[in-house]
Amino acid sequence: MPVADLANWLDATLSSRHFKDYCPNGLQIEGRAPVSRLACAVTASLAVIERAAAQGAQALLVHHGYFWRGEDPCITGLKGERIRRLLAHDISLLAYHLPLDVHPTLGNNAQLAQVLGWPAGQAVGEEGLLRVADLPVALTPAALAQLLRRRLGQAPLLVGDPGRPLRRIGWCTGAAQDMIEQARAAGCDAFLSGEISERTTHVAREGGILYAAAGHHATERYGVQALGQAAAQALGLEAMFLDDPNPV
């Protein structure tokens with residue numbers, strides 16, 4: 001199928017035109033080849049591009065693409081090399097950032113809840129980036145750490161109150177550590193995201209909330225897989241997930 005048809009389906013499914021984002025959502029680099037095989041990944045790294053080419057993919061669907069607000073717009077250096085490889089292999093690049101985070105079923109937040117066995121919860125705030133759920137059985141901080149390690153494959157960093165039972169949980173994948181105040185205002189006992197800043201520790205300690213940094217990459221592996229599989233089923237494509245492990 002033409003890559004434009006794939007992009008139109010993804011745009012409509014994620015309602016991407018409704019978002020003000022830090023980067024362009026949708027078709028970022030257009031190849032000439034029709035698409036029958038779709039590779040999916042968290043980030044359009046050079047390693048992912050080469051693996052997509054080796055697998056015969058004509059399109060690459062990612063959460064983290066290119067052309068971020070505030071970055072050097074010149075196509076040079078590492079970004080230039082990545083784009084040259086995509087064009088050399090005639091691979092189109094499609095990227096969806098916030099629209100993929102918040103989709104109620106295919107999004108990163110929704111898919112992370114499924115992986116962890118949590119209720120889907122409710123979207124909080126104007127953009128719905130924060131999700132909040134009441135667990136049927138409260139967790140201890142140690143039990144939360146064990147769950148994250150088992151399901152996500154890496155040990156989280158926990159800061160804040162180590163002794164309180166955790167019943168009301170808030171989460172937002174990626175680098176949403178500064179949403180901890182919003183989670184606290186929503187009555188959460190704990191807040192989960194991917195990354196942590198120095199200031200996060202003090203907010204957690206002083207605010208009486210537990211913060212879990214479970215890995216930016218680790219928390220965002222699942223939305224792009226769900227979106228890729230949905231596109232494959234709807235459009236008759238073959239989809240594959242290419243993981244490029246990242247400890248952050």
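Residues numbered from 1 in each chain as written. Predicted model: local features only at pLDDT ≥ 70, side-chain atom pairs only at ≥ 80, totals over all residues. Heavy atoms only, no water.

## Section: the sheet that holds strand E10 (residues 210-213)
Link 1 in the chain: Spatially, the six strands line up as an open sheet ordered E5-E6-E8-E9-E10-E7, and their pairing is mixed. Strands at the two margins of the open sheet, each flanked by one partner only, are strand E5 (122-124) and strand E7 (157-159). Averaged over all pairs of adjacent strands, the angle between strand axes in this sheet comes to 25°, irrespective of strand direction.
Link 2 in the chain: Where E5 meets strand E6 (residues 130-139), three bridges bridge the pair, whose relative direction is antiparallel. Bridge assignment links Ala123 to a residue of E6, and that residue is Arg131. (Pairing = 2+ DSSP bridges. Helix = DSSP H or I, 4+ residues; strand = E, 2+ residues; numbered from the N terminus. Axes fitted to C-alpha atoms, helices over the stretch in contact; angles between N-to-C directions.)

## A few points about the sheet that holds strand E3 (residues 59-64)
Link 1 in the chain: Taken in spatial order, the five strands make up an open sheet running E1-E4-E3-E2-E11, and their pairing is mixed. Each edge of the open sheet carries a strand with a single partner, namely strand E1 (26-29) and strand E11 (238-241). In this sheet, neighbouring strand axes are inclined to one another by 30° on average, regardless of whether the strands run parallel or antiparallel.
Link 2 in the chain: Here E3 runs beside strand E4 (residues 92-95); their pairing, made up of four bridges, is parallel. Pairing of Val62 across the sheet is with Ala95, part of E4.
Link 3 in the chain: Lying on the sheet, helix H1 (residues 3-14) is in contact with E1, strand E2 (37-43), E3 and E4; it crosses E4 at an angle near 5°. (Contact = heavy atoms within 4.5 Å.)

## Quick look at the side chain of His63
Link 1 in the chain: Secondary-structure assignment places His63 in strand E3.
Link 2 in the chain: Reaching out from His63, the side chain makes a polar contact with the backbone oxygen of Tyr96 at a distance of 2.9 Å.
Link 3 in the chain: For His63, the side chain forms a polar contact with the side chain of Asp101, separated by 3.3 Å.
Link 4 in the chain: Excluding residues within four positions of it along the chain, His63 makes contact with Ala41, Val42, Tyr96, His97, Leu100, Asp101, Asn108, Glu220 and Val224. (Polar contact = N/O pair within 3.5 Å; in protein donor to acceptor, adjacent residues only side chain to side chain.)

## With respect to the pairing of E10
Link 1 in the chain: Neither face of E10 is open: one carries Leu210 and Ala212, the other Tyr211 and Ala213, and all of them are buried.
Link 2 in the chain: Pairing of E7 with E10 involves three bridges; the strand directions are antiparallel. Note that in E10 the partner of Leu158 across the bridge is Ala212.
Link 3 in the chain: For strand E9 (residues 190-193) and E10, the ladder comprises four bridges, and the chain directions are parallel. (Buried < 20%, exposed > 50% of the residue type's maximum accessible area, 1.4 Å probe, protein only.)

## Brief notes about the side chain of Asp101
Link 1 in the chain: The residue Asp101 is located in helix H4 (residues 98-102) in this model.
Link 2 in the chain: Here Asp101 occupies a buried position and makes no salt bridge, while the nearest side chain of opposite charge, Arg131, is found at 11 Å.
Link 3 in the chain: Among all residues touching Asp101, those that are not within four sequence positions of it are His63, Gly107, Asn108, Asn109, Leu129, Thr173 and Glu220. (Lys, Arg positive; Asp, Glu negative; His and termini not counted. Salt bridge = Lys/Arg side-chain N within 4 Å of Asp/Glu carboxyl O.)

## Brief notes about the pattern of salt bridges
Link 1 in the chain: Evaluation of the coordinates by the stated rule reveals 10 salt bridges.
Link 2 in the chain: Among the salt bridges present, the one from Arg37 reaches Glu238, with a minimum N-O distance of 3.1 Å. Of this pair, Arg37 sits in strand E2 while Glu238 sits in strand E11; the two residues are 201 residues apart in sequence, bridging distant segments of the chain.
Link 3 in the chain: Between Asp134 and Arg168 there is a salt bridge whose closest N-O contact spans 3.0 Å. Here Asp134 is found in strand E6, whereas its partner Arg168 is found in strand E8 (residues 166-171), with 34 residues between them in sequence.
Link 4 in the chain: For Arg168, a relative accessible area of 27% translates into the label partly exposed.
Link 5 in the chain: Taken together, the shared-partner salt bridges connect Glu50, Glu81, Arg84 and Arg85 into one network.

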